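Descriptive structure summary
These are the residues of each chain, in order.
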Amino acid sequence: MITASETETEQAGERLGRELSPGALVLLYGDLGAGKTAFVRGLARGIGASPHEVSSPTFTIIQEYSGETTTLYHVDLYRLEPGEVEDLGLDDLVAGDGIVAIEWAERWKGRPADALEITLEHLGDERRSISVSRPARP
């Protein structure tokens, strides 16, 4: 999908957020400025959480947003070294009953193969390419 504005990128996230169930894991890939946090704002709106509370958790690492029926855990691995990522306890977070969205997911070597993967690419101006890779269903 191609979006032409930050609002459209958020709307794409919102549509996905409405489809996600508690326990879902969303791995986000893309360079700086690709729109990962905007997409997560949409995820928050999709689960009934306030999108206005969503900001990049670069320094706090993990932020929580309470939705109508579940919590969205927004994780940013950008500033972490591999050992620090392993010490975060992401396996425990993912095993919980919230929805987990992880920016810079490629930095997590132990990421599950059955996660939903979102790749955002900046195409210039406000345009973004968003590709979704869903895990194979048994």
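In case you missed it, the structure is sitting above this.
Since this is a predicted model, take the numbers as computed values, not measurements.

The next subject is the pattern of salt bridges. This structure, assessed with the given rule, holds six salt bridges. Taking the shortest distance from any N to any O, the salt bridge between E10 and R45 comes out at 3.7 Å. Note that E10 is positioned in helix 1 (residues 6–19) and R45 in helix 2 (residues 36–46), a separation of 35 residues in sequence. For R45, the salt bridge identified is with E14, shortest N-O distance 3.9 Å. Separated by 31 residues along the polypeptide, R45 in helix 2 and E14 in helix 1 bring together distant segments of the chain. Overall, E14 belongs to the buried group, its relative accessible area being 16%. Each member of the salt-bridge network shares a partner with another, and the members are E6, E10, E14, R18, R41 and R45.

Criteria and cut-off values
- Residue positions are given per chain, counted from 1 along the sequence in the order it is written.
- Residue-level local features of this predicted model are given only where pLDDT is at least 70; pairs of side-chain atoms are given and counted only at 80 or more, and the full residue set underlies all totals for whole chains, interfaces and linings.
- Calculation of side-chain values draws on the structure's entire complement of heavy atoms; hydrogens and water are dropped beforehand.
- Whenever a carboxyl oxygen of Asp or Glu lies within 4 Å of a side-chain nitrogen of Lys or Arg, that contact is scored as a salt bridge.
- Helical segments are the DSSP runs of H or I of at least four residues, strand segments are the runs of E of at least two, and each set is numbered from the N terminus.
- Per-residue accessibility, obtained with a 1.4 Å probe over protein chains only, is compared with the maximum for each type, and a residue is labelled buried under 20%, exposed over 50%, and partly exposed between these values.

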